[in-house]
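Chain by chain, the residues:
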Amino acid sequence: VDMSLVLPEGVVIHLDGKGLSRSATIKQQQTPHAMGGKGAVHILHAWCSELQVCLGQYKTETKSNEITAIPALLDMLEVSGCLITIDAMGCQKAIAEKIIAKDADYLFGVKDNQEVLSLAVFSAFKEAALTTDVDTQNDHNHGRKEVRNCRVLPASDLPEWGRIADWKGIETLIEIHSERHILTTGVLEKGTRYYISSLNGVAQEFNQLVRSHWNIENQLHWSLDVQFGEDDSRKRIRNAAQNFSTIRKIVLNLLKANPEKISIQRKRNKCA
């Protein structure tokens, strides 16, 4: 019987890394590698919030190595017809080509690690007419109010010096301007973020998709740290940290697949 997981068409997969902070001692992390030091284990995850399942992981030595780890993790997955969301660390031309080659779409955060692209997207929105596709969404939870305004432009609006041809499959530019009001302190935080995508969508869709990327933090990384105590784990011998990280995600997948409407902690207690 073929038990392999076949992902539905259009499902969203979020890629992001998480460090196992105590998989190396503080002294080891502060010592240069040439003198015998080593960094904490860093695991790149592929999370599908729609299915509530961790699809795969890939070990790296540091967060900066995610750039080489992302293509390796993608090679392990069948993602045709899916959308891959990655933060600005993964906004790389080679990764865009890899995703398009696998018949998938991408949504990348854009920051100054791609200086030309970042400036080009900023310039495109600065020069844009007021008739661009716009969507506003409001959230009120956890003691804060947040308003997110999303604008969308076609990638053809990039200035010529933005080298649009360098980005395989690029179709859309996205701007998210957010205002977050912390009710307990009265602090108002404002920020503007930019994204590119190979999807040809509308502002309402992209406003939701950008927001959904943080599900990997809330649904996977938070569970591993708070419910499984991963950050407090001091397993350091050989591959123990990586192996136990794999086991935790197998367990989390099984618990989330259980349809009973109780918390993960209560499910664990019942298993025990």
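Whatever comes next refers back to the structure up there.
These notes cover the structure that comes with them. All values derive from a computational prediction rather than experimental measurement. Along every chain, residues carry numbers that run from 1 in the direction the sequence is written. For a predicted model such as this one, the threshold for reporting local features is a pLDDT of at least 70, and the threshold for listing and counting side-chain atom pairs is 80 or more; totals across whole chains, interfaces and linings nevertheless cover every residue. No hydrogens and no water enter the side-chain calculation; it runs on all heavy atoms of the structure.

A short note on the packing of aromatic side chains
Turning to step 1, where the next piece is worked out: Only Phe, Tyr and Trp rings take part, Trp by its six-membered ring, and two of them pair if their centres are within 6.5 Å. Stacked means planes under 30 degrees apart, edge-to-face means over 60, and tilted covers everything else. Applying the stated criterion across every chain yields a total of 3 aromatic pairs.
Turning to step 2, where the next piece is worked out: Measuring from centroid to centroid gives 4.6 Å for Tyr106 and Phe108, while their planes differ by 15°, and the two rings are stacked. Each member of the pair Tyr106 and Phe108 is classed as buried.
Turning to step 3, where the next piece is worked out: Summarising the aromatic geometry, the rings of Phe125 and Tyr194 are spaced 5.9 Å apart at their centres and angled 40° between planes, so their arrangement reads as tilted. Linking Phe125 in helix α4 (residues 115-127) with Tyr194 in strand β9 (residues 188-197), this pair joins segments that are 69 residues apart in sequence. Here Phe125 matches Tyr194 in class, with each residue buried.
Turning to step 4, where the next piece is worked out: By the ring-pair criterion, three or more aromatic residues cluster together here, those being Phe122, Phe125 and Tyr194.
Turning to step 5, where the next piece is worked out: Counting as a charge over the ring demands two things of the Lys NZ or Arg CZ atom: a distance within 6 Å of the ring centre and an angle within 35 degrees of the ring normal. In this arrangement the basic side chain of Arg268 is found over the ring face of Phe228, its NZ or CZ atom lying 4.3 Å from the centre. Only protein chains enter the accessibility calculation, which uses a 1.4 Å probe. A residue is then buried if its area is under 20% of the maximum for its type, exposed if over 50%, and partly exposed in between. Helix and strand assignments come from DSSP, with helices taken as H or I runs of at least 4 residues and strands as E runs of at least 2, each series counted from the N terminus.

Thoughts on the side chain of Ser118
Turning to step 1, where the next piece is worked out: Within the secondary structure, Ser118 sits in helix α4.
Turning to step 2, where the next piece is worked out: Looking at Ser118, the relative accessible area reads 12%, which means it is buried.
Turning to step 3, where the next piece is worked out: Pairing of N or O atoms within 3.5 Å defines a polar contact, subject to two protein rules: one partner must be a possible hydrogen donor and the other a possible acceptor, and residues neighboring in sequence count only if both atoms are side-chain atoms. Of note is the side chain of Ser118, whose polar atom sits 3.5 Å from the side chain of Asp112.
Turning to step 4, where the next piece is worked out: Every residue pair with non-hydrogen atoms within 4.5 Å of one another is taken to be in contact. Not counting residues up to four positions away in its chain, the partners in contact with Ser118 are Val110, Lys111 and Asp112.

Let's talk about the environment of Gly201
Turning to step 1, where the next piece is worked out: Of note, Gly201 is situated in the loop between β9 and α5 (203-212).
Turning to step 2, where the next piece is worked out: The sequence separation of Gly201 and Phe125 amounts to 76 residues, and the corresponding C-alpha distance is 17 Å.
Turning to step 3, where the next piece is worked out: When near neighbours in sequence (up to four residues on either side) are disregarded, Gly201 contacts Val152, Thr172 and Phe206.

A look at the nonpolar core
Side chains of a nonpolar character, in soluble globular proteins, are inclined to be buried together.
Turning to step 1, where the next piece is worked out: Counting residues in each nonpolar core, the largest one holds 39 residues, and the members touching the most others are Ile13, Leu15, Ile84, Ile99, Phe108, Leu173 and Ile196.
Turning to step 2, where the next piece is worked out: Residue assignment for this core shows that the elements contributing at least two residues are β1 (12-19), β2 (42-48), α2 (66-75), β4 (83-86), α3 (93-101), β5 (105-110), α4 and β9.
Turning to step 3, where the next piece is worked out: Element by element, the count of residues in this core is highest for α4, at 5 residues.
Turning to step 4, where the next piece is worked out: Apart from the residues lying within four places of it in its own chain, the contact partners of Ile84 are Ile13, Leu15, Leu74, Val79, Ile99, Ala104, Asp105, Tyr106 and Leu107.
Turning to step 5, where the next piece is worked out: In terms of nonpolar packing, the next biggest core, distinct from the first, is built from 12 residues, Ile176, Tyr195, Phe206 and Val210 among them. Here the nonpolar core consists of buried residues drawn from Ala, Val, Leu, Ile, Met, Phe, Trp, Tyr and Cys, with membership extended through side-chain atoms lying within 4.5 Å.

Focus on the sheet that holds β5
Turning to step 1, where the next piece is worked out: Any two strands with at least two DSSP bridges between them are considered paired. Reading across from one edge, β3-β2-β1-β4-β5-β9-β8-β7-β6 is the order of the 9 strands in this open sheet, with mixed pairing throughout. With one partner strand each, in any of the chains shown, β3 (53-60) and β6 (133-141) form the two edges of the open sheet. Strand-to-strand twist of the sheet, defined as the mean angle between neighbouring strand axes without regard to direction, takes the value 20°.
Turning to step 2, where the next piece is worked out: As judged from the 10 bridges shared by strand β8 (residues 172-182) and β9, these two strands associate in the antiparallel manner. Looking at the pairing, Thr172 lines up with Ser197 of β9. Geometry is summarised by axes, namely lines fitted to C-alpha atoms with helices restricted to the contacting stretch, and by angles between N-to-C directions that run from 0 to 180 degrees.

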